[in-house]
Amino acid sequence: MFISFEGIDGSGKSTQLTMLREWIEARGYRVVTVREPGATMLSESIREILLSNKQNITSASELLLFSAARVQLVEKVIEPALAQGEVVLCDRYVDSTTAYQGYGRQLDLEQVALCNRLATRGVMPALTLFIDVPYDEAQQRMNFTANSSEPDRMERSGRDFYNRVRNGYLGIAAAEPQRFIVIDGMQDRTAIHKEIVGIVDRLLGA
Ligand code: ADP
Ligand code: TYD
């Protein structure tokens, strides 16, 4: 079973992923959690480049770097874990590329889709949970994070960019309502977790 989490930076994705991981493990499943970009040595190195404020990266180059990090993760971690019958929880996956590079950076959506097919090798989550919060709320949450550091290269993209990203996510939700579920991220952590558990419980039982 493959489940991904999506949302703009600071929406509360990682918090929910951790809570869901504990819930699934308590039910006896083996769970692998990964973050994107990351989780393999190569993908973590690419992550450093992508998030570094020292880099000046064109949008097309950004698309290819995120995709390179992803295909390494798919081949080295996600496919083997799924083959072993493990549950894979991914903090971001291919919808991030559609939302951030496609809608946010305004790259050609067909080219982004082609790149996504290469990067995923056709491996798609059974379920994607999109934690939806407005930009201002996400900014505030990031500012309150205990070890909050300087905004990274992506986080410096500004309000208009993030509004396009959020609208991109909502567009995916409209196109794929079975897989891509919108969760109201303005609720408190426990209420969001309860909602997610309800959805995942049905999926595991199916
Ligand atoms: P993301 O992984 O989407 O960047 P995090 O899970 O790291 O987001 O959460 C960002 C910040 O918001 C953290 O300080 C976290 O404790 C806080 N947070 C998470 N969920 C909620 C919530 N439902 N309401 C208020 N604050 C939250
Ligand atoms: P990360 O720290 O994982 O994000 P968050 O703070 O939300 O947990 O940083 C990943 C950044 O990269 C984030 O700004 C989203 C962006 N991103 C893309 O633009 N495209 C992608 O395909 C992926 C996976 C991430």
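One structure accompanies this document, and this report is about it. All values derive from a computational prediction rather than experimental measurement. (Residues numbered from 1 in each chain as written. Chains lettered and ligands numbered in written order. Predicted model: local features only at pLDDT ≥ 70, side-chain atom pairs only at ≥ 80, totals over all residues. Heavy atoms only, no water.)

## Here's the deal with the site of ligand 1
Then comes step 1: The environment of ligand 1 is made up of Gly10, Ser11, Gly12, Lys13, Ser14, Thr15, Arg141, Thr145, Gln187, Asp188, Arg189 and Ile192.
Then comes step 2: Contact distances for ligand 1 include 3.2 Å between an oxygen atom and a backbone N or O atom of Ser11.
Then comes step 3: Taking Gln187, its main chain carries an N or O atom lying 3.0 Å from a nitrogen atom of ligand 1.
Then comes step 4: When ligand 1 sits alone it has 570 Å² of accessible area, and the protein chains cover 76% of it.
Then comes step 5: Mapped onto the shell around ligand 1, the elements with two or more residues apiece are α1 (13–26) and α8 (189–205).
Then comes step 6: Considering each element in turn, the shell around ligand 1 owes the most residues, three residues, to α1.
Then comes step 7: Considering only residue class, the shell around ligand 1 consists of one nonpolar, seven polar and four charged. (Near = heavy atom within 4 Å. Polar contact = N/O pair within 3.5 Å; in protein donor to acceptor, adjacent residues only side chain to side chain. Areas by Shrake-Rupley, 256 points an atom, 1.4 Å probe, with all protein chains shown as cover. Helix = DSSP H or I, 4+ residues; strand = E, 2+ residues; numbered from the N terminus. Nonpolar A, V, L, I, M, F, W, Y, C, P; charged D, E, K, R; others polar.)

## Describing the site of ligand 2
Then comes step 1: The full set close to ligand 2 counts 14 residues, and Asp9, Lys13, Arg92, Thr97 and Gln101 are the nearest of them.
Then comes step 2: In this structure, an oxygen atom belonging to ligand 2 sits 2.9 Å away from a side-chain N or O atom of Lys13.
Then comes step 3: Within the contact set of ligand 2, an oxygen atom lies 3.0 Å away from a side-chain nitrogen or oxygen of Arg47.
Then comes step 4: If you list the elements that add at least two residues to the shell around ligand 2, you get α2 (41–51), α3 (59–83) and α4 (94–104).
Then comes step 5: Ranked by the residues each element gives to the shell around ligand 2, the list is headed by α4, at four residues.

## Regarding the packing of aromatic side chains
Then comes step 1: Under the criterion given, the structure shown has nine aromatic pairs.
Then comes step 2: Between Phe161 and Tyr162, the aromatic rings sit 5.3 Å apart at their centres with planes inclined by 90°, giving edge-to-face as the arrangement.
Then comes step 3: In this structure Phe161 comes out as buried when scored by relative accessible area, which is 3%.
Then comes step 4: Arranged with centres 6.1 Å apart and planes meeting at 20°, the rings of Tyr169 and Phe180 form a pair that is stacked. Taken together, the residues Tyr169 in helix α7 (residues 159–175) and Phe180 in strand β5 (residues 180–184) connect sequence positions 11 residues apart.
Then comes step 5: Through a chain of ring-to-ring contacts, three or more aromatic side chains come together here, namely Tyr100, Phe130, Tyr135, Phe161, Tyr162, Tyr169 and Phe180.
Then comes step 6: Stacked on the ring of Tyr93, the Lys or Arg Arg70 has its end atom at 5.6 Å from the ring centre. (Phe/Tyr/Trp six-rings, centres within 6.5 Å; stacked < 30°, edge-to-face > 60°. Buried < 20%, exposed > 50% of the residue type's maximum accessible area, 1.4 Å probe, protein only. Lys NZ or Arg CZ within 6 Å of the ring centre and 35° of its normal.)

## A short note on α7
Then comes step 1: Taking 1.5 Å per residue as the helical rise, α7 with its 17 residues ought to reach 24 Å, and the 24 Å between its terminal C-alpha atoms agrees with that figure.
Then comes step 2: All of the buried residues along α7 are Phe161, Tyr162, Val165, Gly168, Tyr169, Ile172 and Ala173. One side of α7 holds all its buried residues, which, seen down the axis, span an arc of 145°. Away from its buried face, by an angle of more than 90 degrees, α7 presents the exposed residues Asp160, Ala174 and Ala175. (Expected span 1.5 Å × (residues − 1). Arc of directions from axis to C-beta.)

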